[in-house]
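Structural characterization, general
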Amino acid sequence: NLRMGACSVDAVLTHLPYSRTTFQRRLREQGHSYRSLLDDVRGEKAVHFLRNTDISLSRLSALLCYENQSAFTRAFSRKFGQSPSAWRRGSRRSEK
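One structure accompanies this document, and this report is about it. (Residues numbered from 1 in each chain as written. Predicted model: local features only at pLDDT ≥ 70, side-chain atom pairs only at ≥ 80, totals over all residues. Heavy atoms only, no water.)

Side note on the pattern of salt bridges
Condition: By convention in these notes, a salt bridge is any Lys or Arg side-chain nitrogen within 4 Å of a carboxyl oxygen on Asp or Glu. For the purposes of this entry, the term helix denotes a DSSP run of H or I that reaches at least four residues, the term strand denotes a run of E that reaches at least two, and both are numbered from the N terminus. Accessibility here uses a 1.4 Å probe with only protein chains present; expressed as a share of the type maximum, an area under 20% marks a residue as buried, one over 50% as exposed, and anything in between as partly exposed.
This structure, assessed with the given rule, holds three salt bridges. The residue Arg-25 makes a salt bridge to Glu-29 at a minimum N-O spacing of 3.4 Å. Here the residue Arg-25 and the residue Glu-29 both occupy positions in helix α2 (residues 20-29), the gap between them amounting to four residues, near one helical turn. Accessibility expressed as a relative area gives 36% for Arg-25, which makes it partly exposed. Glu-29 sits in the exposed class, given a relative accessible area of 54%. Salt-bridge contacts for Asp-40 lead to Lys-79; the nearest nitrogen and oxygen are separated by 3.3 Å. With Asp-40 in helix α3 (residues 34-52) and Lys-79 in helix α5 (residues 69-80), this pair connects stretches of sequence that are 39 residues apart. In this structure Lys-79 comes out as partly exposed when scored by relative accessible area, which is 41%.

Dropping the structure here:
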């Protein structure tokens, strides 16, 4: 649960009936890794919050379990090709 700050694989595994090894093996069998799934979910949630709220970037960074706002900005920029602030501005302009 990103909102609760439980982003580690160990935190997720407390809700699943798998060992760490089994969980990681099953993800690999499906062509995924825990990190790739976490990055995808973070990206989807970031876009949702940037588009639909005025939440501060520092608060959004914390909600998405980033260590700090800089880490969030770097990850977002890598995934979407622009900073979260620029993405938010562009998203809001295109709605008008």
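Looking at α5
Here is the rule: Multiplying 1.5 Å by the helix residue count minus one yields the expected span of that helix. In this description, one arc is meant: the one made by directions from the helix axis to the C-beta atoms.
Here α5 is 12 residues long and its end C-alpha atoms lie 16 Å apart, about the 16 Å a rise of 1.5 Å per residue gives. Turning to α5, its buried residues number three or more, namely Ala-71, Phe-72, Ala-75 and Phe-76. Around the axis of α5, the buried residues are gathered within 125° of arc, so they sit on the same side. Exposed positions of α5 whose direction lies more than 90 degrees from the buried face are Arg-74 and Arg-78.

Overview of the nonpolar core
Formally: Put simply, a nonpolar core is a bunch of buried Ala, Val, Leu, Ile, Met, Phe, Trp, Tyr and Cys residues held in one set by side-chain atoms that sit within 4.5 Å of each other.
Core analysis: the largest hydrophobic core is formed by 15 residues, its most contacted members being Leu-50, Leu-60, Leu-64, Tyr-66, Phe-72 and Phe-76. Listing elements by their share of this core, those giving two or more residues are α3, α4 (57-63) and α5. Cys-7, Phe-23, Leu-27 and Cys-65 belong to the second largest nonpolar core, which has eight residues in total.

Quick notes on the packing of aromatic side chains
Our working definition: When the centres of two rings from Phe, Tyr and Trp lie within 6.5 Å, Trp using its six-membered ring, the rings pair. Their planes under 30 degrees apart give stacked, over 60 give edge-to-face, and anything left gives tilted. Think of it as a cone above the ring: NZ of Lys or CZ of Arg counts as a charge over the ring if it is within 6 Å of the ring centre and within 35 degrees of the ring normal.
As enumerated under the stated definition, the model contains five aromatic pairs in all. Summarising the aromatic geometry, the rings of Phe-76 and Phe-80 are spaced 4.5 Å apart at their centres and angled 35° between planes, so their arrangement reads as tilted. Separated by four residues within a single helix, Phe-76 and Phe-80 lie in helix α5, roughly one turn from each other. In this structure Phe-80 comes out as partly exposed when scored by relative accessible area, which is 30%. Measuring from ring centre to ring centre gives 6.3 Å for Phe-76 and Trp-87, while their planes differ by 80°; the resulting arrangement is edge-to-face. With Phe-76 in helix α5 and Trp-87 in helix α6 (residues 84-95), this residue pair connects regions lying 11 residues apart in the sequence. Judged by its relative accessible area of 3%, Phe-76 falls in the buried class. Classification of Trp-87 as buried rests on a relative accessible area of 13%. Just above the ring of Tyr-66 sits the side chain of Arg-42; from NZ or CZ to the centre is 3.9 Å.

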